[in-house]
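# Coordinate analysis (summary)
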Amino acid sequence: MIYQSRIFTKLSKIPRKLNHRHISGLNLWNEELTSEIKHKVEDHWKDKLSFRKYDENYPGDKYYVLSMFPYPSGQLHMGHVRVYTISDSIARFQRMNGKNVFHPIGWDAFGLPAENAAIERQILPDKWTQTNIKQMKTQLERLGCSFEWDRELATCDPSYYKWTQNLFLKLYDAGLVYQKKAMVNWDPVDQTVLADEQVDENGCSWRSGAKVQKKPLKQWFIRTTKFAKALLEGLNDPLLLDWRDVTKLQKHWIGECDGVNFDFKILGGDDFLTLWTPYPEFIDSVKFVAINSDHILGRGVEGTKKLPVELLHPLTGEKIPVFVTNELEFLPLTDSFVGIPGVCPKSAEFADSVKISYEKTAILSDTERLSRQNQICRQAEALKVGGYWSSAKLKDWLISRQRFWGTPIPIVHCNKCGAQPIRDLVALPTKGELSDWVNCECPQCKQKAKRETDTMDTFVDSSWYFLRYLDPTNSAEIFDKNKISKGMPVDLYIGGKEHAVLHLYYARFIGHFLHTEGLLPEREPFKRLLVQGMVMGRSYRVKGTGRYVTETQIKVVDKKKNKAVVTDTGEQVVMAWEKMSKSKQNGVDPGDMFKEYGSDTTRLLILADVAPTSHRHWNSNTFPGILNWQKRLWLTIRDFIKHRTNPPPAIPDDEFKAHDDYMFDSRNYYIKGVTFNYCGSQQHSVAVSKQQGLTNSIRRAPPAVFANSLQFERALAGQIIVLAPMAPHFASELWSGFVSARGRLNQSDEIDWDRSVLEQRWPTIDSNYNLDLVCKVNGDEKCVVKIAKSEFETLSQEGAAEIALKQKEVKEELSDKTVLYTRYIKHPDYDGVLNITTSMGWREKETNL
């Protein structure tokens, strides 16, 4: 008791130095925490949440956290709230850990919705788009996101799409762009081409719902298949972290690169067919090409028939006949077959049936075969007729879209010179007749020509936006490669799983291409992924009609079996969790959440309960946990100020020391868990629950500990600091109360009392706190050894193995086994896992580590 009194009396006299601009709050601690108070707090702090912007000359480690940029529909939805809350929390966390954080934002602004909306409203789509951007920007600012708005970009801005066109021309100059006729998915309502992924299982357009038609059109393609093997192998790059299922999706999309593509010219025209064969070493022995009736050359042909079309062999110059047939077994997702009957029994059988003569081809040794393959591929590449490894099913990227609101393809068509690239910006027409824009001059011969009227697929716009963020105002080149070398690769990319195939594939392709051009330091643009789940709302669908009704229109009959009825009609209703949408009447407006609960509470609610990678079932029944936690934190600061201002009676020293030690242990234990789940496991819901655990420990302390315990003060400071990235306004107000209290006990540099909570250093684990070394044998945990952090920091794999092998439980397990190898994974400031693998026929599993 004497100790407690002496400490308080001495330190209560230390003057308080307050930087009011940074840390002065509303001082409403005697009021209950209501929504009205939360709104006042957020209004007070919204313009004071300063953060250090990215500085390319900063000497510390950079951290590029990127969230997929939104389409400016005009309103945020809860999916947006989730992804941008996650990215902002991580950005703020990394800044507080001393990283040079880059956290940009922009708008994926081209696309059909804006075009259709403009037609309906009789306005230009850019006006509709800019209005929507303004509205959504206001909402993102209300959410409290620390984006670098001075680097904001929109893909529909000429200052951006000028460089999308430049990227197209780089691909064009590298021989990776071509135009040819192809069968496309045509939406008769929206009057545009759809990618295969935009056609549902019923053959209808994903947007208009119209029955999709197959139509031959001359289209622009990017030869992504040339990079197929590199893109497949790149998925094994040790740079990539936490790709998990995305790696499988990417590998499935690309397919096994076990064959080679060759371009066969169609005689009598300027088109060609890209044909794949698993026998590149025998490409000289091609005797026929077969296509099925889905192929552009085979439409409407029944049975087996030789076409009045011949192909020119790219290497031998021979004329190759083309047959339409459905008798041959085509590989899945393919419509052509290269017939080499001398080595392929299927080809031989077909050749015999159509009376094509051939000779048996000599069998090659593995060495001869490899040598011949390399020779053929080099020859084809030199002639620019293929020669690159790919899968049978993978197709080139069709980028043509028959839309106005998109990046213009910088090509003009001249009767004399053919297709010619335009090196200057090709801007969208803003007024006048379209014919005035289409009719132009050929850059080569200066004669009359016509502009290409197709625009680019919006995936082209989004395939490189993360690079432009690093140099958004450069008017001389697409970007300064020195700035790119400092900022790339992206350290963490956050977005939905729906973009884990096409968008990532195309962005990776651009990364690989620009790397070969010497413009990127790495092939792979994204280091680590966080693929967040969807926000799901409860939906109510009437059986039979499929009509959706609202919750207020139904009566629940059996909640466990998801059965209900329409209150007025008695119609049966099926209850389900589905992705939020207006059509399903199960959406939640973020604006309503902000009004009712405040933005910080909304942020905490979206982060809590489930891992970010899981679907979030939005249910108000889960809200009380977060709401009550915030109230407990508010009361804690009220009590802290009260007990520091008016010291309560002291308690026995042994009791005080027990509480002080408990605070020491609680602070280290929970901050260890919070830190690991912020960035190690990326389980932000667990980080929330760990913070709640620390609050529970703090609330157990008696008043005398509030008033006189250094470890209590450290724990409370740590509590507010680790909350700040997730709830910056609320934490700032809590911090203002914390630093206003009398009797500061922590005189180390651990707390900067004159700085805001977001300017504090992230709390670290004390050097004398014990961390866990988990010892496993063949993946099964045998024991846990406690090691002081100071020793743990320098613990090597050899040291960890030496400690493990001394443990009784490990010795007993290894008594009749032979150790094959050990593997050690260290999570700094959290734990270490040593796994010992033995010769007992057991196979080590990554998941056990």
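Here goes a summary of the coordinates provided. Keep in mind that this is a model prediction, so the values were computed, not measured. (Residues numbered from 1 in each chain as written. Predicted model: local features only at pLDDT ≥ 70, side-chain atom pairs only at ≥ 80, totals over all residues. Heavy atoms only, no water.)

Broken down by element type, the protein carries 27 helices and 33 strands. Based on the C-alpha atoms only, the size of the protein along its principal axes is roughly 105 × 80 × 65 Å. Sorting the 849 residues of the protein into buried and exposed places 54% on the buried side. Intrachain contacts of the protein at a sequence separation of at least 6 include 73% that bridge at least 24 residues. Distance between charge centroids for the protein: 2 Å, based on 114 positive and 107 negative side chains. (Helix = DSSP H or I, 4+ residues; strand = E, 2+ residues; numbered from the N terminus. Buried < 20%, exposed > 50% of the residue type's maximum accessible area, 1.4 Å probe, protein only. Contact = heavy atoms within 4.5 Å. Lys, Arg positive; Asp, Glu negative; His and termini not counted. Charge placed at Lys NZ, Arg CZ, Asp CG, Glu CD.)

One open sheet accounts for four strands, arranged β6-β5-β7-β15; its pairing is antiparallel. The sheet is open, and its two edges are formed by β6 (192–194) and β15 (397–398), each paired on a single side. With 10 bridges connecting them, strand β5 (residues 177–187) and strand β7 (residues 213–222) associate as antiparallel partners. Within β7, the position partnered with Tyr 178 by the bridge is Phe 221. (Pairing = 2+ DSSP bridges.)

By the definition in use, this model includes 40 aromatic pairs. With a centroid separation of 5.6 Å and an interplanar angle of 55°, the aromatic rings of Tyr 505 and Tyr 506 are classed as tilted. You can call Tyr 505 buried: its relative accessible area is 1%. A relative accessible area of 9% places Tyr 506 in the buried class. Look at Tyr 597 and Phe 623: their rings are 5.4 Å apart centre to centre, the planes differ by 90°, and that puts the pair in the edge-to-face class. Of the two residues, Tyr 597 sits in helix α17 (residues 590–597) while Phe 623 sits in helix α19 (residues 623–645), which places them 26 residues apart along the sequence. A residue is classified by how much of its surface remains accessible, and Tyr 597, at 14% relative accessible area, is buried. Classification of Phe 623 by relative accessible area gives buried; the value is 4%. (Phe/Tyr/Trp six-rings, centres within 6.5 Å; stacked < 30°, edge-to-face > 60°.)

The next point concerns the state of the cysteines. Within the structure shown, the criterion is met by zero disulfides. There is no disulfide at Cys 257, and the cysteine sulfur nearest it, in Cys 377, is 12 Å away. Not part of a disulfide, Cys 414 finds its nearest cysteine sulfur in Cys 445, a span of 3.6 Å. (Disulfide = S-S within 2.5 Å.)

Counting 121 residues, the largest nonpolar core has Trp 735, Phe 738 and Leu 773 as the members making the most contacts within it. Of all the elements, helix α4 (residues 78–96) adds the most residues to this core, at nine residues. Setting aside residues no more than four positions away along its own chain, Trp 735 makes contact with Ile 23, Ala 717, Ile 720, Ile 721, Ile 751, Asp 752, Arg 755, Ser 756, Val 757 and Gln 760. If you look at the next biggest cluster of nonpolar residues, it comprises 61 residues, including Phe 69, Val 177, Ile 254 and Ile 484. (Core = buried A, V, L, I, M, F, W, Y, C linked by side-chain atoms within 4.5 Å.)

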